[in-house]
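These are the residues of each chain, in order.
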Amino acid sequence: MPKLGDEYEDLRKTVEAFARDVVAPVIGDFYEREEFPYDIVRQMGAMGLFGLPIPEEHGGMGGDYFALCLALEELARVDSSVAITLEAAVSLGAMPIYRFGTDAQRAEWLPRLAAGEALGAFGLTEPGGGSDVPGGMRTTAVLDGDEWVINGSKAFITNSGTDITGVVGVAAITGSRADGRPEISTILVPSGTPGFTVSKKYSKVGWNASDTRELSFSDCRVPSANLLGERGRGYAQFLQTLDEGRVAIAALSVGLAQGCVDECLRYVRERQAFGHPIGHYQAIQFKIADMETRTHTARLAYYHAAERMLAGEPFKKEAAIAKLVSSNAAMDNARDATQIFGGYGFMNEYPVGRFYRDAKILEVGEGTSEVQRMLIARELGLADL
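Draft legend 1. Representation of unusual backbone geometry. With a phi angle near 50°, Asp219 is a residue other than glycine that sits in the positive phi range. One can find Asp219 in strand E7 (residues 212-223). Although it is not a glycine, Glu366 sits at a positive phi angle of roughly 50°. The residue Glu366 is located in the loop between helix H10 (351-359) and helix H11 (369-379) in this model. A residue is classified by how much of its surface remains accessible, and Glu366, at 16% relative accessible area, is buried.

As structure tokens, then:
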């Protein structure tokens, strides 16, 4: 692992201990009950994790995005549901308000979001459209006097229906451009607004202790002042947010990949076969060596992307590479860990079974692996051939 500065290393150790001592002993039960871990989230808020990249004047910790990534990696070594709750709340909920919000919007939302007292969410994906956001979007927002009237629906939205969800940024078509393309803007919709309905939780393959729901809007009215950033810049704003989010998801993926290595190292020393611990056998050793290699390589990729991001350098390609390599590492390590554990790997009492269920979505969410390859090729200039 590259050497971290003292502040980063102190943070990493603090979150590592929290994940090991607080999250690990109880999260399996939350996961199987498909229950949101409010007490864990409250403790994360008290630690300042939700405010890591938010400036102190807005109630945050005054850190940076790499600090958030380190926290996500350590949490995901134990459980991805808790990690994705933090990632979505900060990357998709709070950061757009910090980046693009007005002074009044920041004052209203950021202190509570940074403290973890309220969770933010972002509504982009729709039931009939995934990666084709502009072409597949059907949600509309029409300006009626000093109010936006929103109609439509969103799908797969994390943190959107908890008891502490405070606000959802909703991407909607607010008009047409001169070339006929839809004008997309982002509008902040507080929880409990009339006409804003949150469906029951999805029954998911993984991330079962996180909150994911479908949202619907029927003549939902919010003040015109709830426009986030410039009108017509909503999609461009989200693309910028998504580049940062890919680095965060890469960190989360590395955490899951490392968790698979951790669990296997413990297990192969204890499990006996043919008179030896199974770690004695070269077939097992080689599998774990490959797992560690993937994890190390993926960590270097997201560290590099984060370094460029914090330096203000272009990092779109590096973020896509980090997300692609890390999500692949998580999926491959989860599969190999389950194989090493044998029948026990198929039992929910062992973390690797949970890791296996959680890994696949990392190749899909916040841009599929195919989208990452497309972005990398485009950054290399191949789209212009």
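There is more to say after this.
Draft legend 2. Main features of the layout of surface pockets. What the largest pocket holds in volume is close to 1200 Å³. Along the wall of the largest pocket there are 43 residues; nearest its centre are Thr125, Val364, Gly365, Glu366 and Gly367. Taken together, the elements giving at least two residues each to the lining of the largest pocket come down to helix H4 (80-100), strand E1 (119-123), helix H6 (133-136), strand E3 (147-158), helix H7 (234-270) and H11. Ranked by residue count, the leading element in the lining of the largest pocket is H7, at six residues. Of the residues contributing to the lining of the largest pocket, the split by class is 23 nonpolar, 10 polar and 10 charged. Put simply, the second largest pocket is a space of about 370 Å³. Looking at the lining of the second largest pocket, the elements that each hand over two or more residues are helix H1 (6-33), H7 and H10. By residue number, the principal contributor to the lining of the second largest pocket is H1, which donates 10 residues. Classifying every residue of the lining of the second largest pocket by side-chain character gives nine nonpolar, two polar and 11 charged.

Draft legend 3. The nonpolar core, seen in detail. Counting residues in hydrophobic clusters, the biggest one holds 87 residues, and the most contacted among them are Met44, Leu49, Leu75, Leu86, Tyr302 and Ile340. Per element, the largest residue contribution to this core is 14 residues, and it comes from H7. By size, the runner-up hydrophobic cluster in this structure holds 16 residues, among which are Ala121, Ile157, Ala172 and Leu227.

Draft legend 4. Main features of the packing of aromatic side chains. Inspection of every chain in the model, using the stated rule, returns 12 aromatic pairs. Between Phe156 and Tyr202, the aromatic rings sit 5.5 Å apart at their centres with planes inclined by 35°, giving tilted as the arrangement. Of this pair, Phe156 sits in strand E3 while Tyr202 is found in the loop between strand E6 (196-198) and E7, placing the two residues 46 residues apart along the sequence. Exposure remark for Phe156: the relative accessible area of 54% places this residue in the exposed category. Ring centres of Phe196 and Phe217 lie 5.0 Å apart, and the angle between their planes is 15°; this geometry places the pair in the stacked category. Of this pair, Phe196 sits in strand E6 while Phe217 is found in strand E7, placing the two residues 21 residues apart along the sequence. Both residues of the pair, Phe196 and Phe217, count as buried. Members of the aromatic cluster, joined through ring pairs, are Tyr8, Phe66, Tyr302 and Tyr303. Positioned above the aromatic ring of Phe30 is the side chain of Arg33, whose terminal nitrogen or guanidinium carbon lies 5.1 Å from the ring centre.

Draft legend 5. The arrangement of the packing of H1 against helix H2 (residues 38-47) in detail. At a minimum axis distance of 11 Å, the contact between H1 and H2 shows a crossing angle of 170°. Here H2 runs roughly antiparallel to H1, going by the angle between their axes. From H1, Thr14, Phe18, Val22, Val23, Val26 and Ile27 reach across to H2, where they touch Ile40, Gln43, Met44 and Met47. For the contact of H1 with H2, the class distribution of residues is eight nonpolar, two polar and no charged.

Draft legend 6. Broad picture of the pattern of salt bridges. Within this structure, the stated rule accounts for 30 salt bridges. Among the ionic pairs, Arg12 bridges to Glu74, the shortest N-O distance being 3.3 Å. Of this pair, Arg12 sits in helix H1 while Glu74 sits in helix H3 (residues 65-76); the two residues are 62 residues apart in sequence, bridging distant segments of the chain. The pair formed by Arg12 and Glu74 is uniform in burial state, with each residue classed as buried. Close ionic contact of Arg20 with Asp21 constitutes a salt bridge, the shortest N to O distance being 3.1 Å. A single network of salt bridges, built from pairs that share partners, joins Glu9, Arg12, Glu16, Glu74, Arg77 and Asp262.

What counts, and at which threshold
- Residues numbered from 1 in each chain as written.
- Predicted model: local features only at pLDDT ≥ 70, side-chain atom pairs only at ≥ 80, totals over all residues.
- Heavy atoms only, no water.
- Helix = DSSP H or I, 4+ residues; strand = E, 2+ residues; numbered from the N terminus.
- Buried < 20%, exposed > 50% of the residue type's maximum accessible area, 1.4 Å probe, protein only.
- 1 Å grid on protein atoms, 1.4 Å probe; cavity = no way out; pocket = protein on both sides within 12 Å on 5 of 7 lines; lining within 4 Å.
- Points joined across faces, edges and corners; volume = space filled by probe spheres on them.
- Nonpolar A, V, L, I, M, F, W, Y, C, P; charged D, E, K, R; others polar.
- Core = buried A, V, L, I, M, F, W, Y, C linked by side-chain atoms within 4.5 Å.
- Phe/Tyr/Trp six-rings, centres within 6.5 Å; stacked < 30°, edge-to-face > 60°.
- Lys NZ or Arg CZ within 6 Å of the ring centre and 35° of its normal.
- Axes fitted to C-alpha atoms, helices over the stretch in contact; angles between N-to-C directions.
- Parallel < 35°, antiparallel > 145°, perpendicular 65-115°, else oblique.
- Contact = heavy atoms within 4.5 Å.
- Salt bridge = Lys/Arg side-chain N within 4 Å of Asp/Glu carboxyl O.

All quantities given are derived from atomic positions and should not be read as evidence of function.
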